[in-house]
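Listed below, chain by chain, are the residues.
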Amino acid sequence: PSHDTDGTMPLYPSYFDVRSIRCNMHCVTCDDNHSSKHFTIAKEVLGRNSRHVIDPEYENALAQEIIQGLPTKTTKHIYWAGGEPMITQMHWTVIDKMEELLEHPEYTDYIRSIQMFYNTNMTKLERNGKLIPEILAKFDVTIWTSMDGIERTFEYCQDGGTWEKIRGNRLEYKKYVPKSGITAVLSAPVLMDIEKLVNFLEEHQASMFNHEYAPNDYINLMDIRLWPQHLFDEIIDNAEQILRKTSLQGKEYTLSILDKYREEKKTFPVPDYAFVKQQIQKRDKFLRYEVSFENLLKHIHENAYEWYSNI
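One numbering rule holds for all chains: residues counted from 1, following each sequence as written. With pLDDT at 70 or above as the cut-off, local features in this predicted model cover only qualifying residues; side-chain atom pairs require 80 or more to be listed or tallied, and sums for whole chains, interfaces and linings still use all residues. Water and hydrogen atoms were dropped before computing side-chain values, which therefore reflect all heavy atoms in the structure.

Regarding the pattern of salt bridges
Where we set the bar: When a carboxyl oxygen of Asp or Glu is within 4 Å of a side-chain nitrogen of Lys or Arg, the pair counts as a salt bridge. In DSSP terms, a helix is any run of H or I states spanning at least four residues, a strand is any run of E spanning at least two, and both are numbered starting from the N terminus. In this scheme, a residue with accessible area under 20% of its type's maximum is buried, one over 50% is exposed, and one in between is partly exposed, where area comes from a 1.4 Å probe on protein chains only.
Counting across every chain of the model gives 21 salt bridges. Salt-bridge contacts for R48 lead to D32; the nearest nitrogen and oxygen are separated by 2.5 Å. In this pair, R48 sits in the loop between α1 (39-46) and α2 (56-68) while D32 sits in the loop between β1 (15-18) and α1, placing the two residues 16 residues apart along the sequence. Exposure remark for D32: the relative accessible area of 0% places this residue in the buried category. Residue E212 is joined to K260 by a salt bridge in which the shortest nitrogen-to-oxygen separation is 2.8 Å. Separated by 48 residues along the polypeptide, E212 in strand β10 (residues 211-212) and K260 in helix α11 (residues 251-265) bring together distant segments of the chain.

Below, the structure is given as structure tokens:
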């Protein structure tokens with residue numbers, strides 16, 4: 001294509017990676033750099049005002065940029081993540097426009113060809129009285145549910161989410177959007193309770209795309225590499241045995257994360273566990289439900305609980 005006199009080329013992007021810090025959960029693996037729900041927690045626990053703020057003007061401008069590429073049929077791929085994409089206005093501004101163009105014969109095939117990939121916490125099922133999965137079923141959509149464990153482990157790690165609600169919402173989404181999977185942050189609790197998660201995935205024939213735990217500014221024991229060597233070995237070895245028995249898609253990548261943990265454990269410093277426990281208890285005061293880290297360990301890993309409770 002020809003360029004303008006100033007050297008720019010009048011082209012719209014074909015791929016959009018859309019993220020926002022707007023969120024409705026207080027995930028323990030997250031922080032105020034990625035979630036608006038952590039602003040108050042960061043102030044009380046870390047003693048700082050958040051360095052990030054929600055920018056409605058930016059979000060609206062990004063939505064309009066995506067929309068500009070629709071009449072020209074240049075928008076090809078959109079990745080929606082967060083925060084939580086289903087609660088952002090910019091997401092629904094784009095979807096509303098796509099629904100509108102879907103009704104025009106000259107755009108129908110094009111709109112249906114746009115590939116959209118979601119990473120969602122699955123807390124939202126309806127919008128304006130309509131089922132969200134039914135709306136999204138009109139398009140080429142793949143949905144990954146962020147699910148850090150199940151039951152107690154989920155409710156601690158993804159503070160603010162109720163397991164039965166998320167489980168039910170995911171089943172409803174699956175009816176309309178068959179291309180789906182589950183992604184978990186491989187934190188210490190998720191690894192301790194990995195058998196339940198694997199059994200759930202096998203039962204529902206769900207593929208997985210798990211992630212390495214990325215340390216943030218909170219001081220806690222979500223990072224398995226901070227645990228004492230004997231517990232680290234016990235937890236990682238057990239997780240490996242369970243994963244090797246499954247045929248789930250994503251198994252090999254998950255095992256590679258365990259190998260990385262093993263290698264990095266060799267250089268991880270030993271923390272002041274008494275101080276770490278104090279910080280965990282400080283953070284736990286902000287949990288939406290009455291589930292503490294110590295109480296969680298009591299239910300998912302006896303040896304870890306005994307060690308932690310004796311700090």
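Some details on the packing of helix α3 (residues 89-102) against helix α4 (residues 105-113)
Here is the rule: Each axis is a line fitted through C-alpha atoms, and for a helix only the stretch in contact is used; angles between axes span 0 to 180 degrees, taken between their N-to-C directions. Comment on the angle field: the value is read as roughly parallel under 35 degrees, roughly antiparallel over 145, roughly perpendicular from 65 to 115, and oblique elsewhere. Any pair of residues with heavy atoms lying within 4.5 Å of one another is described as a contacting pair.
The interhelical angle for the contact between α3 and α4, taken along N-to-C directions, is 140 degrees, at an axis separation of 7 Å. In terms of their interaxial angle, α3 and α4 are classed as oblique. Contacts from M98, L101 and L102 in α3 reach Y107, T108, I111 and R112 in α4.

Here's the deal with the packing of aromatic side chains
Selection criterion: Whether two aromatic rings pair depends on their centres lying within 6.5 Å, for rings of Phe, Tyr and Trp, where Trp uses its six-membered ring; planes under 30 degrees apart make the pair stacked, over 60 edge-to-face, and the rest tilted. Either the NZ atom of lysine or the CZ atom of arginine qualifies as a charge over a ring when it sits within 6 Å of the ring centre and within 35 degrees of the ring normal.
Overall, the coordinates contain 12 aromatic pairs when judged by the stated rule. Through a chain of ring-to-ring contacts, three or more aromatic side chains come together here, namely Y156, W227, Y273, F293, W307 and Y308. When the ring centre of Y308 is taken as reference, the NZ or CZ atom of K277 above it lies at 4.8 Å.

Digging into helix α10 (residues 229-245)
Test applied: To estimate how far a helix should reach, multiply one less than its number of residues by 1.5 Å. Picture the helix axis, draw a direction to every C-beta atom, and the arc is the one those directions span.
In this model, α10 (17 residues) spans 24 Å end to end at C-alpha, consistent with the 24 Å of a helix rising 1.5 Å per residue. Within α10 the residues assigned to the buried category are L231, F232, I235, I236, A239, E240, I242 and L243. Each buried residue of α10 lies within a common arc of 165 degrees when the element is viewed along its axis, so the set occupies one face. Opposite the buried face of α10, at more than 90 degrees from it, the exposed residues are H230, Q241 and K245. Those residues of α10 that are buried lie in contact with α8 (188-192), α9 (194-203), β9 (207-208), α11 and α14 (302-309).

Remarks on the environment of S36
One can find S36 in the loop between β1 and α1. Taking C-alpha positions, S36 is 16 Å from E57, a pair spaced 21 residues apart along the chain. Ignoring anything within four residues of it in the chain, the contact list for S36 reads I21, R22, C23 and I54.

So, the sheet that holds β1
Just so we agree on the cut-off: Pairs of strands are assigned from DSSP output, requiring at least two bridges between the strands.
In space, the 6 strands of this open sheet follow the order β1-β2-β3-β6-β7-β9, with parallel pairing throughout. Each end of this open sheet is capped by a strand with a single partner; those strands are β1 and β9. Note: β1 against strand β2 (residues 77-80), 4 bridges, orientation parallel. Residue pairing for β2: F16 is matched across the bridge by I78.

Thoughts on the pairing of strand β3 (residues 115-120)
Sheet topology note: the β2/β3 ladder contains 4 bridges and is parallel. Its bridge partner lying in β3, H77 is registered against Q115. Bridge count for β3 against strand β6 (residues 140-146) is 6 bridges, and the pairing is parallel. Of the residues in β6, the one forming a bridge with N119 is W144.

Points about the packing of α10 against α11
The cut-off we apply is this: Crossings are assigned a handedness: left-handed for a near helix turned anticlockwise from the far helix by less than a right angle, right-handed for a clockwise turn. Any residue that is not Ala, Val, Leu, Ile, Met, Phe, Trp, Tyr, Cys, Pro, Asp, Glu, Lys or Arg is counted as polar, Gly included; the first ten are nonpolar and the last four charged.
Closest axis-to-axis distance for the α10/α11 pair is 10 Å, and the angle between their directions is 165 degrees. The orientation of α10 relative to α11 falls into the category roughly antiparallel. The interaxial crossing formed by α10 with α11 has left-handed handedness. Across the interface between the two elements, Q229, F232, I236, D237, A239, E240, L243 and R244 of α10 pack against K251, T254, L255, L258, Y261, R262 and K265 of α11. Classifying every residue of the contact of α10 with α11 by side-chain character gives 7 nonpolar, 2 polar and 6 charged.

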